[in-house]
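Examination of the molecular architecture
Here is how the chains run, residue by residue.
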Amino acid sequence: QVQLVDTGGGLVQAGGSLRLSCAASGRTFSRYTMGWFRQAPGKERDLVAAISDDGGTIYYADSVKGRFTISRDNAKNTMYLQMNSLKPDDTAVYYCAARVPSGRSLSYGRGYDYWGQGTQVTVSS
């Protein structure tokens with residue numbers, strides 16, 4: 001089992017940057033596929049980016065490709081999402097999540113068993 005705490009959200013102007021962090025408890029962080037999701041008001045929760053357990057494979061949704069960078073430090077039990085060139089459409093609650101590797105593509109957004117509490121990102125125009 002793993003517990004996740006995501007932090008780093010805030011209010012930023014369009015074009016600005018934020019870095020989200022997801023700190024995991026326990027000694028098994030390196031065994032999990034990790035993902036960042038976001039949910040805007042009235043919309044479904046969508047997968048933004050995902051990273052394999054060893055960090056060697058990464059997926060980005062088209063909407064954030066080239067602007068966001070996902071990374072992880074297994075020695076620190078932490079995952080990150082560097083968000084650059086932010087747009088008002090990026091406004092949402094961002095959640096980190098973990099799932100046991102299943103052999104499915106990283107673009108598969110289901111099967112995540114553990115979730116952070118969410119951190120609000122607001123981008124003003």
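Everything discussed here concerns the structure shown above.
Criteria and cut-off values
- Residues numbered from 1 in each chain as written.
- Predicted model: local features only at pLDDT ≥ 70, side-chain atom pairs only at ≥ 80, totals over all residues.
- Heavy atoms only, no water.
- Helix = DSSP H or I, 4+ residues; strand = E, 2+ residues; numbered from the N terminus.
- Rg over C-alpha atoms; globule rule 2.2 N^0.38 Å.
- Buried < 20%, exposed > 50% of the residue type's maximum accessible area, 1.4 Å probe, protein only.
- Contact = heavy atoms within 4.5 Å.
- Pairing = 2+ DSSP bridges.
- Core = buried A, V, L, I, M, F, W, Y, C linked by side-chain atoms within 4.5 Å.
- Disulfide = S-S within 2.5 Å.
- Salt bridge = Lys/Arg side-chain N within 4 Å of Asp/Glu carboxyl O.

Let us look at the overall build of the protein. In terms of regular secondary structure, the protein is built from 0 helices and 11 strands. Ordered by position from N to C terminus, the α and β elements of the protein give β-β-β-β-β-β-β-β-β-β-β. Computed over the C-alpha atoms, the radius of gyration of the protein is 13 Å, within 12% of the 14 Å expected from 2.2 N^0.38 for a compact globule of 125 residues. For the protein, the spread of C-alpha atoms along the principal axes amounts to about 40 × 25 × 25 Å. Burial statistics for the protein: of 125 residues in total, 43% are counted as buried. Across the protein, every contact between residues at least 6 apart in sequence was considered, and the portion connecting residues at least 24 apart equals 58%.

Further remarks concern the pairing of strand 9 (residues 92–99). For a regular strand, the rule is simple: side chains alternate between the two faces of the sheet. Counting buried positions along strand 9 yields 7 of 8 residues, so the element is predominantly enclosed. Sheet topology places strand 4 (residues 33–39) next to strand 9; 7 bridges connect them, and they run antiparallel. Note that in strand 9 the partner of Thr33 across the bridge is Arg99. In this structure, strand 9 lies alongside strand 11 (residues 119–124), joined through 3 bridges in antiparallel fashion. From the neighbouring strand, Ala92 faces strand 11, where its bridge partner is Val121.

In terms of nonpolar packing, the biggest core is built from 29 residues, with Met34, Met79, Leu81, Met83 and Tyr94 touching the most fellow members. Listing elements by their share of this core, those giving two or more residues are strand 3 (18–24), strand 4, strand 5 (45–51), strand 7 (68–73), strand 8 (78–83), strand 9 and strand 11. With near-sequence residues (within four places) excluded, Tyr94 lies in contact with Asp6, Leu20, Phe37, Arg38, Val48, Phe68, Leu81, Met83, Gly118, Thr119 and Val121. By size, the runner-up hydrophobic cluster in this structure holds 6 residues, among which are Phe37, Leu47, Ala97 and Leu106.

Backbone phi values are negative for most residues with the exception of glycine, while trans is the configuration of most peptide bonds. Although it is not a glycine, Asn77 adopts a positive phi angle of roughly 55°. Along the chain, Asn77 turns up in the loop between strand 7 and strand 8. Here Asn77 falls in the buried class, since its relative accessible area comes to 18%. One non-glycine residue, Ser85, lies in the positive phi region at around 50°. Following the sequence through the fold, Ser85 ends up in the loop between strand 8 and strand 9.

All right, on to the state of the cysteines then. Across all of its chains, the model carries 1 disulfide by this definition. The partner cysteine of Cys22 in its disulfide is Cys96, sulfur to sulfur 2.2 Å. Judged by the torsion about the S-S bond (65°), the Cys22/Cys96 disulfide is right-handed. Taken together, the residues Cys22 in strand 3 and Cys96 in strand 9 connect sequence positions 74 residues apart. This pair shows no difference in class: Cys22 is buried, exactly as Cys96 is.

Glancing now at the pattern of salt bridges. Pairing between side chains of opposite charge can happen when the charged atoms of each approach one another. Under the defined criterion, the tally for this structure stands at 3 salt bridges. Across the pair Lys65 and Asp62 runs a salt bridge, and its minimum N-O distance is 3.1 Å. Owing to a relative accessible area of 67%, Asp62 belongs among the exposed residues under this scheme. Each member of the salt-bridge network shares a partner with another, and the members are Arg38, Arg67 and Asp90.

Distances and angles like these do not, on their own, reveal function.
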